[in-house]
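Secondary and tertiary structure notes
So the chains spell out like this:
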Amino acid sequence: MKSYEVQIWEIGKRADRKARPWRVRWAVSGQRFEEMFRTKALAHSFRAELA
């Protein structure tokens, strides 16, 4: 999907998850996506690649 309409939200921690509590959320052209990570550092690295 090629678009310049991208929104990236803050990294969030889900208290109800133990295995992969860190979540990165983003949207492209209005379609939402999310990815879960084991550590905050992994989530931050993925978010940096999106930006």
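My aim in this report is to walk through the structure given alongside it, one point at a time. (Residues numbered from 1 in each chain as written. Predicted model: local features only at pLDDT ≥ 70, side-chain atom pairs only at ≥ 80, totals over all residues. Heavy atoms only, no water.)

Concerning the overall build of the protein chain
In terms of helices and strands, the protein chain carries one helix and four strands. From first element to last, N terminus to C terminus, the protein chain shows the α and β order β-β-β-β-α. Dimensions along the principal axes, computed over C-alpha positions, put the protein chain at roughly 35 × 20 × 15 Å. By residue count, 18% of the 51 residues in the protein chain fall in the buried class. Pairs at least 24 apart in sequence give 22% of the contacts found in the protein chain among residues at least 6 apart. Carbon together with sulfur atoms contributes 48% to the accessible area of the protein chain, which is approximately 4,300 Å² in total. The average position of the 12 basic charges and that of the 6 acidic charges among the side chains of the protein chain differ by 6 Å. (Helix = DSSP H or I, 4+ residues; strand = E, 2+ residues; numbered from the N terminus. Buried < 20%, exposed > 50% of the residue type's maximum accessible area, 1.4 Å probe, protein only. Contact = heavy atoms within 4.5 Å. Areas by Shrake-Rupley, 256 points an atom, 1.4 Å probe, with all protein chains shown as cover. Lys, Arg positive; Asp, Glu negative; His and termini not counted. Charge placed at Lys NZ, Arg CZ, Asp CG, Glu CD.)

Let's talk about the pattern of salt bridges
Evaluated as defined, the whole model comprises two salt bridges. Put simply, Asp16 and Arg14 hold a salt bridge, and the shortest N to O gap is 3.1 Å. The partner of Glu34 in a salt bridge is Arg23, with the nearest N and O atoms 3.8 Å apart. With Glu34 in strand β4 (residues 31-37) and Arg23 in strand β3 (residues 22-28), this pair connects stretches of sequence that are 11 residues apart. (Salt bridge = Lys/Arg side-chain N within 4 Å of Asp/Glu carboxyl O.)

What about the nonpolar core?
In this structure, Trp22, Val24, Trp26, Val28, Phe37 and Ala43 together form the largest nonpolar core, which totals six residues. Here the element with the most residues in this core is β3; it accounts for four residues. (Core = buried A, V, L, I, M, F, W, Y, C linked by side-chain atoms within 4.5 Å.)

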